[in-house]
Structures are given as C-alpha cells and as structure tokens.
Number of protein chains: 4
Amino acid sequence: MRAAVISGVGQVEVGTVADPTPGRRDVVVRVSACGLCGTDLHILQGEFAPTLPVVPGHEFAGEVVELGADVTELAVGDRVAVDPSLYCFECRQCRNGRNNLCERWAAIGVTTSGGAAEYAVAPAANCVRLPEHVRTEDAALIEPLSCAVRGYDVLRARLASSVLIYGSGTMGLMMLQLGKLTGAASIDVVDLSAARLATAEKLGCSATATAAEELDRPGGWDVVVDATGNANAIQDGLGRVAKGGTFLQFGVTDYAARVTIEPYRIYNEEITITGSMAVLHSFERAAALFATGVVDPEVFISDRLPLDRYAEALDQFGRGQGRKIQVLP
Amino acid sequence: MRAAVISGVGQVEVGTVADPTPGRRDVVVRVSACGLCGTDLHILQGEFAPTLPVVPGHEFAGEVVELGADVTELAVGDRVAVDPSLYCFECRQCRNGRNNLCERWAAIGVTTSGGAAEYAVAPAANCVRLPEHVRTEDAALIEPLSCAVRGYDVLRARLASSVLIYGSGTMGLMMLQLGKLTGAASIDVVDLSAARLATAEKLGCSATATAAEELDRPGGWDVVVDATGNANAIQDGLGRVAKGGTFLQFGVTDYAARVTIEPYRIYNEEITITGSMAVLHSFERAAALFATGVVDPEVFISDRLPLDRYAEALDQFGRGQGRKIQVLP
Amino acid sequence: MRAAVISGVGQVEVGTVADPTPGRRDVVVRVSACGLCGTDLHILQGEFAPTLPVVPGHEFAGEVVELGADVTELAVGDRVAVDPSLYCFECRQCRNGRNNLCERWAAIGVTTSGGAAEYAVAPAANCVRLPEHVRTEDAALIEPLSCAVRGYDVLRARLASSVLIYGSGTMGLMMLQLGKLTGAASIDVVDLSAARLATAEKLGCSATATAAEELDRPGGWDVVVDATGNANAIQDGLGRVAKGGTFLQFGVTDYAARVTIEPYRIYNEEITITGSMAVLHSFERAAALFATGVVDPEVFISDRLPLDRYAEALDQFGRGQGRKIQVLP
Amino acid sequence: MRAAVISGVGQVEVGTVADPTPGRRDVVVRVSACGLCGTDLHILQGEFAPTLPVVPGHEFAGEVVELGADVTELAVGDRVAVDPSLYCFECRQCRNGRNNLCERWAAIGVTTSGGAAEYAVAPAANCVRLPEHVRTEDAALIEPLSCAVRGYDVLRARLASSVLIYGSGTMGLMMLQLGKLTGAASIDVVDLSAARLATAEKLGCSATATAAEELDRPGGWDVVVDATGNANAIQDGLGRVAKGGTFLQFGVTDYAARVTIEPYRIYNEEITITGSMAVLHSFERAAALFATGVVDPEVFISDRLPLDRYAEALDQFGRGQGRKIQVLP
Ligand SMILES: NC(=O)c1ccc[n+]([C@@H]2O[C@H](COP(=O)([O-])OP(=O)(O)OC[C@H]3O[C@@H](n4cnc5c(N)ncnc54)[C@H](OP(=O)(O)O)[C@@H]3O)[C@@H](O)[C@H]2O)c1
Ligand SMILES: NC(=O)c1ccc[n+]([C@@H]2O[C@H](COP(=O)([O-])OP(=O)(O)OC[C@H]3O[C@@H](n4cnc5c(N)ncnc54)[C@H](OP(=O)(O)O)[C@@H]3O)[C@@H](O)[C@H]2O)c1
Ligand SMILES: NC(=O)c1ccc[n+]([C@@H]2O[C@H](COP(=O)([O-])OP(=O)(O)OC[C@H]3O[C@@H](n4cnc5c(N)ncnc54)[C@H](OP(=O)(O)O)[C@@H]3O)[C@@H](O)[C@H]2O)c1
Ligand SMILES: NC(=O)c1ccc[n+]([C@@H]2O[C@H](COP(=O)([O-])OP(=O)(O)OC[C@H]3O[C@@H](n4cnc5c(N)ncnc54)[C@H](OP(=O)(O)O)[C@@H]3O)[C@@H](O)[C@H]2O)c1
Ligand SMILES: [Zn+2]
Ligand SMILES: [Zn+2]
Ligand SMILES: [Zn+2]
Ligand SMILES: [Zn+2]
C-alpha cells in the first residue's frame, strides 16, 4: 500500500510499504482522511523517540475492511474513528486510572504504523462507529477533540466561568467550542494573528485581542487556557488568572521552556495551575459530541491534500499556515 | 486592660488600653493564651497594612465573660476557641463561597483588636465551645490547625498518597499530622535543621532529610507541600512532584519571591500546583479534630510566656527559635 | 403601596400596605415583575410556616429607588435582579459553606415581605445589576435559573453525558437549557402533556415522550433529573439511571411522598441519588448566563398579569396552566 | 494439586485438579492463605452465575513459583498479594475508567480458578510485591481492604466528618479503620451483636450500639455506611444522614431487597445516596496502607483452617461466626 514514511530525522516521503495484517482483536481500516498535528513534526525532528522508520498519523477515520480473528463487535464496511492510544493496562499509572500517563506510552502513528497511509491497523476496542450523518473524513477531527474534552475534564469548570484562551489554531478553537459547551459566561481569545482571531469571532467568542491587556479585565479570568505552546503566551496568561481561578497548560512547549510563577499569589489567591495531556476516557465522548455538530468541519479543516503530498502538507503545517490540514489517501 | 500594641513599624509594647465592649452579636473573651505566627511579624513590619496601632493576636482561646445584647447561644463561663476571620459576606468572593478570598478581608488581631490582651471581642458565631477534656490555653492551636485543614480541603488527596512536606515548624508538623489523618501511605519531611526534624520523627513520619535528594525517590511524591515560605524549598519541591501529582503552596513567601516551572511537564505529566490561604469552612472542623488529640500541645507549644513579655516572644519567633510560642495574659 | 398579601391559609388578596423602609445595608426596589412558583402555593396552603400575613414573591427584578444609609455600591436608578436568600451566616451550615441549608432559613417573599408588590426591600449585596440589553421584567427569571445552576453544580456532570429530564415546566425547561450548556451529548424530556413537550422540542432536545419507556434506552441515562415533584415520575426515573450514573432530585414533592430503591443496584452499579435545594453561590452566575440569552423570556414567560390579579395568577399556576406566570405592579 | 471445588449448587468439596499453567503474561502463585467472603457463598448458591465447577477464592496471597514467557517484572520467590479483578479493558465502562463496572466482569476465583487451592494463576500486573515485614498469609486481607478503599474513594469525605457504620464484621471494621484514616472526627458503629461491637471498641471507635437510636444524635451523621447488606440496617441508616450528608451502600443485599426513601428530604437537605462496588484503582493503594499496619491481622483474622476443611470453613462463614476466615493450603 501507499504510505507516508518518516524514515529518519528530517526525512519524510510517500512510498510503498507492506499491507498491514490485523492481530486477533484488531481491525484493518481503509483510511478516509488523516489529520496532521504537532506530534508529527516532533517525530520528524526525532523527538518523541519512536523507532524510525514509522508511518505517522494518529488522527484518522475510515472504513473497516478486515477483521481480526476474534473481532465480533465490528463488521466489514463499518465507518469508524480511531482512538490512537495504546495503553499497556499494566503499569502503575494504568492501574491507577491515568492511562494517558502510561509508563509504556504507545500510540498508533507514533510507536506503530499510523493513518497517513491507505490502510491502518487498530484494536477493535479503539474504533468508534460513526452515525450516518457524520462524514468519514470529517471524523478525523474526533481525536483532537478528545484531547480538548480531556482538557475540560481536568478543569471541571463551574457554569458561568469567564474563560481566556491563548491561541486560535485548531486546538484553541476547539477549546472555545467546548468552553461554550461547559457553560462559560464569556470566552475571550488571544492570538498574535488577526486573521486567526477572525475565526474565533466567527465561532462566537465574547472578545478577541492580539494582546490580552487590550481586553482590560484587571480582575482576571476564572479559567485561562494556553493553547499555543508558546512560553510568552504562558507567562502572560499565568498573570491573568482571577482569584480562586485555574490555568490550564494545554499547549505543548519545548522541553526547555521555562516560565516564572509567584508563590505568594498561588497561596494568597488560591490559584491553581494544571495540565492536560492527550486522551483519557474521552474518545467516545468526543465522538458523541462531534455527532452533535460542536465542531464544524468546514471551519476547522483548512486544507485537504492527497496523501502523496504528505511532505508538503507537513511543511505547510510547520509554517503555521491554515488550521487542520488533512491528507486523503 | 493590659494588651500588646503594635503602634508603628517595628514598634511593639505592652501597655494599658481601654476594655473592649461587645456589639450586639459579639462576646467578650478573657484570653487564656494567644499564639504568635508569621502574620504578627508582617504587621510589625508594616506589611499587612492594617491601621496602626493594633492589638495583635489572631490565635487565641479563652472564657466568655460578657455577652452582647443579642447573644443567646453562648453563656458567661463558656470556654471557647475563636475563629479570627471577619468575612464581609457581601463581596463577589464571599457570595461565591470563597470567603477566605474576601475582597474586604478582615480579621481579629489584624484589622481589629486581637488576642494578645487580657480581653478580646469576637462575634458569637466565631466562638466554638470546647469539650471538657480540652485545656483552654491549648485550644489556641485550633486556629493554625484550621489553616492546615483548609490545606487538605484544597488537596482532597486520595487514600494512600505519598507525601513530602518541606518545613518542620508548627505548620509543617500540623500538615504531617493531618497527612496521616488523610490516609497518606508515607509522609517524608525535609527541613534545614536536624533538630526540627527530630520532632517530625517523634510524631511518626516515614523519613526525614535536610535535603530532599537524600530521600532518593526518583519518581517523586504524589503530594508535595511547601510549609516553609522559602523560595529555595518551593523550587526544589516543584521538581519532586510525581506524574499526576499535586504541589500545595501553603507557606507564605515574600511578595517578591519567584520560582520557575516547566510547562512541558505540567502538560505531559498532568502536574497540578495549587494554594491554600487561611481558614475556609474549617474552624469548627479543626476544633473537632483537635478534641480527638491529633495535635499534642506538649509537642507543638514550645514556649509559654507572660503577656508582658510579648515583644520578647515576637523577637524569639522572628529568630526561628522554638515551635508555637504563646503569650498568657 | 399596593401589594399581594397572603393573610391566612387559603386567603390571598391585593391591598394597600405600608411602604417599605430600607435598613442601613438595604435598598428599596420598585418591582418591575415578579414570578410565581410552587413556594407561593405552599405558603398559601400554610405549609412553609412563615408568620402570616406575608407579602409573597421571591422571583423579582426592578429598579433601585432608595438606598439604605450605608449603601454605596448601588445607585438610585440601577436596574437589578434580587437574590431572595437571607442566610444567617452564623449557623453550622452557613459556616460550613452550605448556606442553602441554613438552620435559620429565611427569604424575601417567604419570611419577609416580597416582590408581589410595588416596592420591596432587599440587602444591597443581594442585588445584581443588569446589563443594558436585559429587560428588567425578564430578569425575574434569574432566580429560578439560579436554582437550576445549583442543580448542575451538584451534578458536576462530565461533558457528553446522556440526560433524561422529567417535567417540561419552567424548571424542566431550564434544566434542559443548562443541560445543553454543560455539554450533554443528548437530553431527552418526559412529560405527561404533549403540549408541554412541544416547548422542549422547540428549545432543541434530542427526544421527548409522554412515558420514558417509549424512549427505548435499556442501558439508561447517565443523568436523570426529576423536575416534576411527582412521586410516579421519581419512581420511574430512579429505574432509568445508567451504570455509574446519577439521579438528581430537583422537584419538590409532598413531605409524605415515598419511593422505593434497590440497594443491590446502588452498590453493584455505583448509582448516585442526590438533591439540589434552591440557590447556593449561583445567583450572580445565573445572572451572567441569563445575559448570554440561555433562557428566552418569550418562551419561558407564558403570562404577564397586573399585580391586582395576583390571586387569579396564583390560581392559574395552581391549575398547572402555562409556564412562568408573572405579575407586573 | 489440591483445591476446593464448587461443583454444583450447594456442592463443595476439596479434591485434586490439574496443576495450573500460566499464560505469557501470567504467573503461578503458591497460595499461602485464602480468605472467604460473601461472594463464595453466592457462588455456592448458584448466584453469581459462573460456569461450575469452579475453584473459588478471590482473596489470596502467596509466593510466585512460575513465570509466564513474557513476565520480567516478577521473579520466582517473590511474595505477592493478588488483585482478582480481570477487566476487559475494551467495553464502554472500561474505556470510561470504571473498570469495576466492566460489562464482561470477570475475576479470579469467580469466573476462573481461584485461590482456595495450592496454586493459582494470576496476571503479573495483578500481583503486588509485599514488603519484608508483611507476612504472606496476612496479605490475603489486602483484597477486602481494597474494596474499602474504593468505598472511601467514592465518599471523598472531608476531614472531620461524623461517621456511622452499620455492621461490625470484617468489612464494617475495615470501614472503621479507614474512616479514622480519612480524618473522621467521630465514628460510631452499630451491630446487632454486642460481641462483634466489642471488636469495634477495641479498634477505637467513638461509640457503639445495637440500635442507632441509642446513640441519640438527632441531627444525624455526615456519612452513614451500610456494611451489613441487611435491608433493615439500610432503611434505618437512610433516615440518619445529616443535612448535606452521604449514605454509602457498601453491603451487598439480595437482589430483591427494597428500601424506601423520602424525595422531599433528598431535595431539601441535599442528601446523597451512593454505592461502592469491589475494587477500582485501589489494590496497590490498599497494599501500601496494609503495609503501614492499618489492619491488624490478629484482630481481623478470626480463623485459620487447613484447605481440606474448606467446606466447613464456608459453612461457618455462612453461619456468621467469626470475622475473616482463612484457609491455608
Ligand atoms: N494537551 C493536548 O492533549 C494537546 C493535543 C493537541 C495539541 N496540543 C498542543 O496545543 C497547541 C495548539 O495546537 P494547534 O494545533 O492549535 O496549533 P496551531 O495551529 O499552531 O495554533 C497555535 C496558535 O497559537 C498562536 N500563538 C503562538 N504564540 C502566541 C502568543 N505568544 N500569543 C498568542 N498566540 C500565540 C499561533 O499564532 P501564529 O500562527 O501567528 O504563530 C497559533 O495561531 C500546540 O502546542 C499543540 O502541540 C495539545
Ligand atoms: N496557608 C496558610 O493558611 C498558612 C497559615 C499559617 C502559616 N502559614 C505559613 O506557613 C509557613 C510555615 O509556618 P511555621 O509557623 O511552621 O513557620 P516556621 O516555624 O518558621 O517553620 C518553617 C520551617 O521551614 C524551614 N525551612 C526554611 N527554609 C527551608 C528550606 N529551604 N528547606 C527546608 N526547610 C526550610 C525552617 O527551618 P529553619 O528554622 O532552620 O530556617 C523552619 O523549620 C510560613 O510561611 C507561614 O507564614 C500559612
Ligand atoms: N430544587 C429547587 O431549587 C427548585 C426550584 C424551583 C422549583 N423546584 C421544583 O421543581 C418542580 C418543577 O417546577 P415547575 O415550576 O417547572 O413546575 P410545573 O410548571 O408544574 O412543571 C412540572 C411539570 O411536570 C409534569 N409532570 C407531573 N407529573 C409527571 C409525571 N409523572 N411524569 C412526567 N411529567 C410529570 C407536569 O405535567 P402536567 O402539567 O401535565 O401535570 C408539568 O409539566 C416543582 O416541584 C418545583 O417545586 C425546585
Ligand atoms: N462493596 C464491596 O465492594 C464489598 C466488598 C466486600 C464485602 N461487601 C459486603 O459488605 C457486607 C459486610 O461484609 P462482612 O464480610 O463484614 O460481613 P459479616 O461479617 O457478615 O458482617 C456483617 C455484620 O452486619 C451485622 N448486621 C446484620 N444485620 C444488621 C442490622 N440490621 N443492624 C446492624 N448490624 C447488622 C451482622 O451481625 P450478625 O452477625 O449479628 O448478623 C454482622 O456483624 C456484606 O454484605 C458483603 O457482601 C461489599
Ligand atoms: Zn500503562
Ligand atoms: Zn467578602
Ligand atoms: Zn445559617
Ligand atoms: Zn470491561
């Protein structure tokens, strides 16, 4: 089959690889669309340390075309979104219910062959059937949405919170959509780029700015979310949490990034800083929300390229152009 | 009556002031003992910005000697511990259930005359009657204990957590005692002074060290508590939180203190940093726990001085000698 | 001034009473509209045991026309919604942060003169200023909305829950609107009356039925809410909670109502049954949500009658006709 | 090997069965001791519907004597306690983090051969190594303790709660011990039998009674736990929950048991009724707590019988004599 392959640091090409065969509890999925995200770039930069070569792609949906010997709950022809998480279910973290912190962390498209290919293998239990009105390609958005759901699970914000989100890319906008869905009284969005903010406005946020001080809210926000991964944004955001409020580190920074906090304020204003990492008990729920239309694919997917142009797609993503970029095999 | 008076920055003396008179819902308490704490030093340094002169002392217990016109729930002769918090019940924070963040923050012994005196006035609702087996003087420990209860309310730690506490002063030791009472599987304590650690050992912690690296726990601790207010301790402790764990800022630093955090870890290991400020819905509960003997006054109270030696007591406290120092009018 | 007066059991009339005068921290509000609710009927039936006569009405909004001596945060002319809760701030429940369970429970319109009158007195801290785009009369809906917010605070439901609501009256519909706002994946509504269900459909629920079994969901719902106060509905609903799910008792039944539960299921399926009572830390937040348009007054207010027809309005409410009925002085 | 076998309804004998062989990720454990519990009786009565014959026993500890091909984290000779839970990790509940509600529920000693035998097979990930000072036989108490830990995870009680426990058998006493470890201000215990209450007193509860009304606490208890499985106890206990308090259904009743609740009180006093089922993310934590000595084996284990007397042991347990009864192969 045709597949994108990251063969070494900085090396990515589309070529022919062996067709995948399913294990007993796996299925083979013919990929309809596969989204790109920061993790793919990290792999290309040799960072998330999987064994190269690897077929990337952890955000995908498609049609079941082959069943492993012990699979009865799915049928050939089923259209599914795939949770890429491959938890070990054995380590301290898994046994403690925090599988996303699994000590043997593994994922389709990171440590095993992924969805930037004609076919991909996935455990049957990771496949969520799509309702009729959801288009298969669009369902590749469920994976990033399931990360955003985890973010709000960590926050457990109360109704009527004031929310400030840094970043108006795919994830910032998903945090905006879910913010509305968790009953925020207001959601303001900050991004360096006015063009990106236009999308936030289109989706219906309360205010936007290219710098948070323009928003003029001296008491701060109940919930501040970083969805940039940028240390400047984080540093700025930490100072804008209201008394008793929470900062969520959702963006992924460089390992080396550092920011400064004020312990007096943490104590005196009972500020909480917390983080959200990938998917935990949130994939099926994201699929259910996606089916309600919370994320409009026409707004979120900016580019759909053929699989053969994977390298170009990744390059464009790296340059920060567009929102969600998909390859279609 | 005799009372300690902080009359200006750096100025403290014991003198004669007018006897207090109760408002309609207040009582007058004859003070049995009043503990000293960091807040008293801050007032002396002109920091918590109350109007000087003020009679300090927010940790006290005594006997009710006079009732305001509308008080029926207490009787003259009742022995009580006093919650010094004077919430406004009207501001945004109070109406939101976070009275300890009250925008008109006030407290007996900080913004109004306190317990370092023969008599003090307190709202009847702030007085908790003591059971027979609790000595009145000892009950002055209930106020700091109620802060520690708030700390564990914020933590809501699960049974069988591993806990690391920085600081083996009064508050670190109370956090140790309550840590046992919240089902920690282990509680290690770090302090610069071996002498102070001896008390932690006497109370039954799992391990002590003058530097946390000696404890050799590369995976870190589920819960790390700063009970020093020292930026070095905080910086060290932030690096020792286990995956999925929580850091509690309980110690009070200078306004100017700054520490550094790693956003990548906050995200990737879902670390939480949070804070606990004074007393919230925890005074009566601290009194109930105190009655069960969770805090042994003979261990916790290191010095009992007559009220007339208040200045000396405060000076000794400032030099970090002893644990809880009380003055007895 | 003109006011409705419940003067004895079953006796209600509109008459002339003395104009109210504010306490030092109170304001006088000229009432724009006052909603009726089950509590008013209970008072008429002599049940909530206030001292009669009383001017009823705890759901109201209006314009500030007079300030108590110590009020500075409001100005004459301010348009406000009024939280009727009069907590004591002194009892065990209040000091524990559960003011809605106050042992000296009191409320404007129940234990003191209420809003079914030309003027009403309220503590300044209970008044929430309205933004320009909110009509004063409509803001009388904030009080019931703040009860619904409390309901969801108790539930703390996760995103993507399936919800079943019994009752499509004012409160059931508010629970529906807030259910959407807390990210429910689906919300089904049951009511005996097809006419009432039409409104739920108009507001956008996932399904309606006059009996829950028609909805054919054998696994049950994650969240089941009673908003009827009817024992049959409650009994039916308890059996429809999914494994690990929660039943919220929001409706107010007769004291004498009894329903049956299965302890084996509570244990084996870890079912939770819980309740929500009036307003707690939720009034300002309901006002903020109301300002976002979560509750459309044109849908929720079915009848607006002049104050003089208060008795008729209450009678109509008692006969279960319409949704929210308001009187306008 | 020798093993107890439940071969049909009401039929239990000790006989010789084939020695077990481990799967690739399993180990074989030589059983040191195996505790009996209500589940064993249910199996004997044909209730938990496993395929008979089965070797019972889900509470056991022993020594690793053989490793599956892919096991590296354990070594022959390791002494371990065994979590009997066999989650599927694939169903809706498992993927939602509620493995104890697994739709394909399975457990060692219920659906597969258990510990009432010389040897038993267990997944390596289910084995927790024992520290040196813990005796292997005693560690069979970790499994029931891990159920009690789950109970308190569900409760998430705050420090200084008042607790009332019905039942002073093994589980009631474990709930007592953990109640102390979660900072209860007081724990009262009710049991029909004065002899059983003597043990609760020995362990240090605040009060005991053969009927809760003797305890004379009209305001009720913050937390009420049923650890009897008896409908009379449950009915009584439901009426004794304080305002804002919680009832935990921990005991296992007959399927047919029914009790009555008052919806008005659930609403008006915001009462919560909830349940706790078996083990969830709590086995390792129970092992850690057990190592601290929270449960004294000399108090908890009333009888140690040779495996050959398994039928007699089960019969004695059925008659309610003693506390934890163990068989030792
Ligand atoms: N926690 C998780 O589970 C999870 C899951 C998925 C993704 N993520 C992370 O979430 C972050 C966002 O992902 P994405 O796909 O939305 O990325 P993206 O499309 O690159 O969006 C990031 C946005 O942040 C803006 N930005 C950068 N620096 C800023 C600053 N100082 N102030 C304000 N805005 C700033 C960028 O503006 P410009 O384009 O003008 O630079 C861009 O619009 C990434 O770090 C990603 O790795 C986390
Ligand atoms: N959150 C609240 O509500 C609340 C309430 C009360 C008090 N507090 C705060 O809690 C903190 C502790 O109070 P306390 O009365 O226990 O004070 P304390 O008696 O002065 O104890 C502090 C201890 O920390 C030790 N320490 C200082 N720097 C350290 C470091 N780098 N590493 C390890 N240990 C170090 C000190 O050792 P040496 O003596 O050798 O310097 C001392 O033993 C203070 O900051 C206080 O203001 C907070
Ligand atoms: N928890 C709180 O803080 C709080 C606050 C406000 C109100 N409440 C309570 O909430 C409840 C609802 O208030 P509301 O103003 O919405 O009352 P409502 O207008 O009378 O609505 C109740 C609805 O429930 C329906 N109903 C009655 N029995 C039913 C059954 N067996 N199955 C299905 N539907 C049934 C009624 O239908 P029909 O009209 O056809 O009978 C009616 O449409 C009341 O009990 C009220 O006291 C609670
Ligand atoms: N939730 C879970 O995960 C879990 C785990 C393990 C066990 N359990 C359940 O927990 C319950 C207790 O287990 P156990 O091993 O401790 O059982 P046990 O040894 O039989 O203890 C039950 C105790 O309750 C007493 N009792 C019975 N009816 C009572 C009443 N009306 N009022 C007061 N006390 C009463 C019994 O007294 P007499 O002996 O005088 O009758 C006995 O002392 C059982 O139902 C068991 O199935 C639940
Ligand atoms: Zn794992
Ligand atoms: Zn306040
Ligand atoms: Zn009260
Ligand atoms: Zn399962």
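Remember, predicted model here, so these are calculated numbers, not experimental data.

Asker: Whenever I open this one, the site of ligand 3 confuses me. Can you help?
Answerer: Around ligand 3 sit 21 residues in total, of which Met 171, Asp 191, Arg 196, Ser 276 and Ala 278 of chain C are the nearest. At ligand 3, the nearby residues belong to more than one chain, namely chains C and D. With respect to ligand 3, the side chain of Asp 191 of chain C contributes an N or O atom lying 2.6 Å from an oxygen atom. Within the contact set of ligand 3, a nitrogen atom lies 2.9 Å away from a backbone nitrogen or oxygen of Ser 276 of chain C. Here ligand 3, which alone exposes 930 Å², has 80% of that area covered by the protein. The residue inventory of the shell around ligand 3, partitioned by class, reads 10 nonpolar, nine polar and two charged.

Asker: Explanation requested: the relation of the copies chain A and chain C in the structure shown.
Answerer: For the pair of chain copies, the relating transformation is a rotation about an axis with a translation along it. For the pair chain A and chain C, the relating rotation is 180°, the translation along its axis is 0.0 Å, and the fit reaches an RMSD of 0.0 Å. Here the copies are linked by what is in effect a two-fold axis. Relative to the rotation axis, the closest C-alpha in chain A is found at Thr 182 of chain A, a distance of 2.2 Å. Of the interface residues in chain A, 100% have counterparts in chain C that sit at the interface too, so the contact is made through matching surfaces.

Asker: So what exactly am I meant to see when it comes to the interface of chain A and chain C here?
Answerer: When the parts of a complex come together, some accessible area is lost, and that lost area is often taken as the interface size. On the side of chain C, 20 residues touch chain A, which itself brings 20 residues to the contact. Taking both sides of the interface into account, the surface hidden between chain A and chain C amounts to around 1600 Å²; carbon and sulfur atoms contribute 61%. Interface area lost by chain A to chain C is led by Arg 156, Arg 158 and Leu 159 of chain A, which between them contribute 40%. Across the chain A-chain C interface, the total number found is zero salt bridges. Where chain A touches chain C, the interface holds five residue pairs in polar contact (both at pLDDT 80 or more). Residues that form the side of chain A that touches chain C fall into these classes: 11 nonpolar, four polar and five charged.

Asker: What am I meant to see in the coordination of the zinc ion (ligand 8) here?
Answerer: Each pair of donors in an ideal four-coordinate tetrahedral metal site encloses 109.5 degrees, whereas pairs in an ideal six-coordinate octahedral site enclose 90 or 180 degrees. All names here are of chain D. Note on the zinc ion (ligand 8): its protein donors are Cys 88 (SG), Cys 91 (SG), Cys 94 (SG) and Cys 102 (SG). The metal-donor distances range over 2.3 to 2.4 Å. Geometry at the zinc ion (ligand 8) is tetrahedral, judged from the four donor atoms that bind it and their angles of 103 to 116° at the metal. For the zinc ion (ligand 8), all donor residues lie on one chain, and their spacing in sequence is C-x2-C-x2-C-x7-C. The burial state of Cys 88 is the same as that of Cys 91; both residues are buried.

Asker: Hey, could you run me through the relation of the copies chain B and chain A in this one?
Answerer: Superposing chain B onto chain A requires a rotation of 180° together with a translation of 0.0 Å along the rotation axis, leaving an RMSD of 0.0 Å. A shared binding surface is used by both copies, with 100% of the interface residues of chain B retained as interface residues in chain A.

Asker: I keep staring at the environment of Asp 315 of chain A and nothing clicks. Help me out?
Answerer: Residue and element names in this part refer to chain A. Secondary-structure assignment places Asp 315 in helix α10 (residues 310–318). Given the relative accessible area of 43%, Asp 315 is considered partly exposed. On a C-alpha basis, the gap between Asp 315 and Leu 41 in space is 8.8 Å, while along the polypeptide they are 274 residues apart.

Asker: Can you walk me through the site of ligand 4 in this structure?
Answerer: In the vicinity of ligand 4 there are 21 residues, among which Met 171, Asp 191, Arg 196, Ser 276 and Ala 278 of chain D approach most closely. Neighbouring residues of ligand 4 are not confined to a single chain but are spread across chains C and D. Within the contact set of ligand 4, an oxygen atom lies 2.6 Å away from a side-chain nitrogen or oxygen of Asp 191 of chain D. A distance of 2.9 Å is found between an oxygen atom of ligand 4 and a backbone nitrogen or oxygen belonging to Val 252 of chain D. Look at ligand 4: alone it shows 920 Å² of surface, and the protein chains cover 81% of it.

Asker: So what exactly am I meant to see when it comes to the domain arrangement of chain A here?
Answerer: All names here are of chain A. Domain parsing of chain A yields domain 1 (2–129 + 296–328) and domain 2 (148–275). Taking the mean C-alpha position of each, domain 1 and domain 2 sit 29 Å from one another. Between domain 1 and domain 2, the residue contacts involve 12 residues of the former and 11 residues of the latter. Sorting the residues of domain 1 by area buried against domain 2 places Val 299, Phe 300 and Arg 323 first, and these three jointly supply 55% of that buried surface. Where domain 1 packs against domain 2, one counts zero salt bridges. At the junction of domain 1 and domain 2, the tally comes to four residue pairs in polar contact (both at pLDDT 80 or more).

Asker: What is the right way to look at helix α6 (residues 231–238) of chain B in this model?
Answerer: Residues and elements named next belong to chain B. Where α6 is concerned, the buried positions are Ala 233, Ile 234, Gly 237 and Leu 238. End-on view of α6: buried residues confined to an arc of 125°, all on one side of the axis. For α6, the capping residue at the N-terminal end is Asn 230, with a side-chain oxygen 2.8 Å from the backbone nitrogen of Asn 232.

Asker: Sorry, what's going on with α10 of chain A here?
Answerer: Residues that lie three or four places apart on an α-helix share one face, since the helix turns once every 3.6 residues. All names here are of chain A. Those residues of α10 that sit buried are Tyr 310, Ala 313, Leu 314 and Gln 316. Seen along its axis, α10 keeps its buried residues to an arc of 160°; they face one direction. Packed against the buried residues of α10 are β1 (2–8), β2 (11–16), α1 (38–44), β15 (301–306) and β16 (324–328).

Asker: I would appreciate a short explanation of the coordination of the zinc ion (ligand 6) in the present structure.
Answerer: Residue and element names in this part refer to chain B. Donor atoms from the polypeptide that coordinate the zinc ion (ligand 6) comprise Cys 88 (SG), Cys 91 (SG), Cys 94 (SG) and Cys 102 (SG), at 2.2 to 2.4 Å from the metal. Bound by four donor atoms, the zinc ion (ligand 6) shows angles of 102 to 117° at the metal and therefore tetrahedral coordination geometry. Of note, the donors binding the zinc ion (ligand 6) are all from one chain and are spaced C-x2-C-x2-C-x7-C. Separated by 11 residues along the polypeptide, Cys 91 in the loop between β5 (79–82) and α2 (92–95) and Cys 102 in the loop between α2 and β6 (119–123) bring together distant segments of the chain. Like Cys 102, Cys 91 is buried.

Asker: Whenever I open this one, the pairing of strand β2 (residues 11–16) of chain B confuses me. Can you help?
Answerer: Looking down a regular strand, the side chains alternate between one sheet face and the other. Residues and elements named next belong to chain B. Pairing of strand β1 (residues 2–8) with β2, which is carried by six bridges, proceeds in the antiparallel orientation. Each bridged residue has a counterpart across the sheet, and for Ala 3 the counterpart in β2 is Gly 15. The hairpin turn running from β1 into β2, its antiparallel successor, is two residues long, and Gly 10 in that turn takes a positive phi close to 80°.

Asker: I tried to follow unusual backbone geometry on my own but got confused; where do I start?
Answerer: Excluding glycine, residues mostly have negative phi values, and the peptide bonds linking residues are mostly trans. Residues and elements named next belong to chain B. Residue Pro 53 follows Leu 52 across a cis peptide bond; omega there is 0°. Counting through the fold element by element, Pro 53 comes out in the loop between α1 (38–44) and β4 (59–67). A positive phi angle, close to 65°, is found at Phe 89, a residue other than glycine. In this structure, Phe 89 sits in the loop between β5 and α2. Residue class for Phe 89 comes out partly exposed when judged on its relative accessible area of 27%.

Asker: Is there a simple way to think about the confidence of the model for chain A in this case?
Answerer: A low pLDDT means the predicted coordinates there should not be read in detail. Per-residue confidence for chain A averages 97 on the pLDDT scale, and 100% of its residues sit at or above 70. Reported confidence for the predicted complex is 0.97 by ipTM and 0.98 by pTM.

Asker: Help me out: how do you make sense of the environment of Val 27 of chain C in this one?
Answerer: Residue and element names in this part refer to chain C. Secondary-structure assignment places Val 27 in strand β3 (residues 26–35). Val 27 sits in the buried class, given a relative accessible area of 0%. It is 9.4 Å that separates the C-alpha atoms of Val 27 and Ala 125, two residues lying 98 residues apart in sequence. Setting aside residues up to four positions removed in sequence, Val 27 forms contacts with Pro 22, Val 64, Glu 66, Leu 67, Gly 68, Val 71, Leu 74, Ala 120, Val 121, Ala 122, Ala 124 and Cys 127.

Thresholds, definitions, all that
- Residues numbered from 1 in each chain as written.
- Chains lettered and ligands numbered in written order.
- Predicted model: local features only at pLDDT ≥ 70, side-chain atom pairs only at ≥ 80, totals over all residues.
- Heavy atoms only, no water.
- Near = heavy atom within 4 Å.
- Polar contact = N/O pair within 3.5 Å; in protein donor to acceptor, adjacent residues only side chain to side chain.
- Areas by Shrake-Rupley, 256 points an atom, 1.4 Å probe, with all protein chains shown as cover.
- Nonpolar A, V, L, I, M, F, W, Y, C, P; charged D, E, K, R; others polar.
- Least-squares fit on C-alpha atoms with pLDDT ≥ 70 in both.
- Contact = heavy atoms within 4.5 Å.
- Buried area = accessible area lost by both parts, 1.4 Å probe.
- Salt bridge = Lys/Arg side-chain N within 4 Å of Asp/Glu carboxyl O.
- Donors = N, O, S within 2.8 Å, 3.2 Å for Na, K, Ca; no water.
- Tetrahedral: all angles 85-135°; square planar, octahedral: opposite > 155°, others 65-115°.
- Buried < 20%, exposed > 50% of the residue type's maximum accessible area, 1.4 Å probe, protein only.
- Helix = DSSP H or I, 4+ residues; strand = E, 2+ residues; numbered from the N terminus.
- Domains from an automatic or database assignment.
- Arc of directions from axis to C-beta.
- Pairing = 2+ DSSP bridges.
- pLDDT = per-residue confidence, 0-100.

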